[in-house]
Amino acid sequence: MNKLLLTGIIIIGILTLAAVFAPFISPYDPNQINEGSMLMPPSRAHLFGTDSLGRDLFSRMAYGARISLTIGLLAVGISTVVGIFFGSVAGYFGSWADSLIMRFVDIMLCFPTFFLILSVVAILEPSIYNIMIIIGLTNWMGVARLIRAEILSLKEREFIQAEVALGASHPRIIFYHLIPNAVGPVIVSAVLGIAGAILLESGLSFLGLGVQPPTASWGNILIEAKSTLGVAWWITIFPGMAIFVTILGFNFLGEGLKKKIG
Amino acid sequence: MDLLEIRDLNVNFKLGNQEFTAVNGVDLDIKEHETLVLAGQSGSGKTITCLSVTRILPASARIGSGSIKFKGEDLLKLNEDGLRRIRGKEIAYIFQEPVAYLNPVFSVGSQIAEAIMLHQNKPEKEALREAEKLMGLVRIKEPHQRLAAYPHNLSGGMNQRVMIAMALACRPKLLIADEPTTSLDVTTEAEILKLLSELKKTLGFSLLFITHSLSVAHRIADRIAVMYQGKIVEQGSRDEIFGAPEHFHTKELIAAYEKIGKI
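A quick note: this is a predicted structure, and the numbers were derived from the prediction, not measured.

Caption draft 1: Focus on the nonpolar core. One finds Ile112, Ala165, Met166, Ala167, Leu174, Ile176 and Leu208 of chain B to be the most contacted residues of the largest nonpolar core, which totals 82 residues. Each of domain 1 (4-90 + 174-262) and domain 2 (101-171) of chain B accounts for three or more of the residues forming this core. Every residue in contact with Ile112 of chain B, bar those within four places of it in the chain, is listed here: Ala131, Leu134, Met135, Val162, Ala165, Met166 and Ala169 of chain B. Core analysis: the second largest hydrophobic core is formed by 41 residues, Ile71, Leu146, Ile147 and Leu253 of chain A among them.

Written out as structure tokens, the structure is:
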């Protein structure tokens, strides 16, 4: 196992454990307002300090990890499924289906994703589920291109001809024989995509169009941090570091996997 | 009525704006329980003729005209769905490079089981049990352990046996073997040829065997058809072809075989 992969697994492993066991590792209720302990610096009682409403930052970040990881995983799950579907259909059937789907991909790629998401969120409600779906549906084009290219070369391989000769149907050949042979690079891009989705969610939440308060997410903790940056550095530093380390962890994991299987 | 009757088959390839004729007016008959060897040099159209039977041709190939009657039904008039019922169930193929024709990400057991399930409505467990039996039938030793093996774990001869097991999974009436022993060494080749003729006797299918080697043809053929530049130039029983070859290409092939025999 290479070092990148190992480092990635350790970072993501710790984060996942923190997210799963958030209720057990948080010393306080993340939404409990405490007027007596506003803007307390990191101490033994409050590991990462408290925010302007006296809420424990460590607890809020542990619960925020749940939100960030869930959004990252599910958004990428949606974009991977959609991308695999369109990419494999385009690659396998070719001709007009290919032209139609790939031109649609080109059109989707023309939009600056972030602003597209901003406008969609402005129309719909900015809830966690909407964010996941929107991020998922605006990020499948890369996967589609990747899988199309794989399928284009795989479908000419002899074992596919043998499968046709045995009487297998098109869906069976695509979903049972081609896709399992093509997922290697897709897994890599999905892991790298999780990092992108988490960053996107943080950005949206920072602009107030993502996860809505009082639910904690790393992005919306940072909004509050902005106004107190001069007096309480810890509210900015810790969520910022969390985002940074998570992105780094997923990138390590993705690059490590690329060396291993891509 | 013969099992397979090919009449005036023409297949063309389109490359850019040019058309090339790969198969030019081929007539071919295969009777039940018969082994017909289609012999000829590379590029003579043997493979394309065979792939035309169930239309598994490359995308650039077009069947121009002709008829291919299987049990009296013209396969060229069938649509994709109709052909799918024939492929694997009535007419099955084995090919030259067995490893390339097996899916690298699945175990050989599950691939044989899949061949069974494609045409028979059976649960996977039962199909796997049957796959094990089929592996025994094609003389794979310790079939139970080998079920979980992957194509890259097995030798070329073993993989060809797996291909044969997959092809015979639904007891087809016609087995089309496209140079199945060309990539194997002579000992394995002899084993596979022996296995094929034994299976033919026990299961009772007809065999259309493509080869460029007349030594192979001599060993297994009932009848031989010689192809040259897209046409069948000579056709007859094995003894006729070897006893009194008429076309110069047949004579060349026999001369090549006898030369090797002398060494």
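Alright, that's what it looks like, and here's the rest.
Caption draft 2: Quick look at the interface of chain A and chain B. The interface of chain A with chain B comprises 13 residues on the first partner and 18 residues on the second. Only α8 (158-165) and α9 (170-206) of chain A provide two or more residues apiece to the side of chain A that touches chain B. It is α8 of chain A that provides the largest number of residues to the side of chain A that touches chain B, a total of 6 residues. Its residues placed into classes, the side of chain A that touches chain B shows 7 nonpolar, 5 polar and 1 charged.

Caption draft 3: View of the domain arrangement of chain B. Residues and elements named next belong to chain B. Domain boundaries assigned for chain B yield domain 1 (4-90 + 174-262) and domain 2 (101-171). Centre-to-centre, using C-alpha coordinates, domain 1 lies 25 Å away from domain 2. In this complex, domain 1 contributes 12 residues to the contact, which on the side of domain 2 involves 12 residues. A per-element tally of the side of domain 1 that touches domain 2 places helix α7 (residues 186-203) first, with 6 residues.

Caption draft 4: Looking closely at the pairing of strand β3 (residues 35-39) of chain B. All names here are of chain B. By the criterion of burial, β3 is predominantly enclosed, with 5 of the 5 residues buried. Along β3, one buried face is formed by Thr35, Val37 and Ala39 and the opposite face, lined by Leu36 and Leu38, is buried too. Sheet analysis places β3 next to strand β9 (residues 223-228), joined by 4 bridges and oriented parallel. Bridging across to β9, Val37 finds its partner in Ile224.

Rules used throughout
Residues numbered from 1 in each chain as written. Chains lettered and ligands numbered in written order. Predicted model: local features only at pLDDT ≥ 70, side-chain atom pairs only at ≥ 80, totals over all residues. Core = buried A, V, L, I, M, F, W, Y, C linked by C-beta atoms within 7 Å. Buried ≥ 20, exposed ≤ 12 C-beta atoms within 10 Å, placed from the backbone. Domains from an automatic or database assignment. Contact = placed C-beta atoms within 7 Å. Helix = DSSP H or I, 4+ residues; strand = E, 2+ residues; numbered from the N terminus. Nonpolar A, V, L, I, M, F, W, Y, C, P; charged D, E, K, R; others polar. Pairing = 2+ DSSP bridges.

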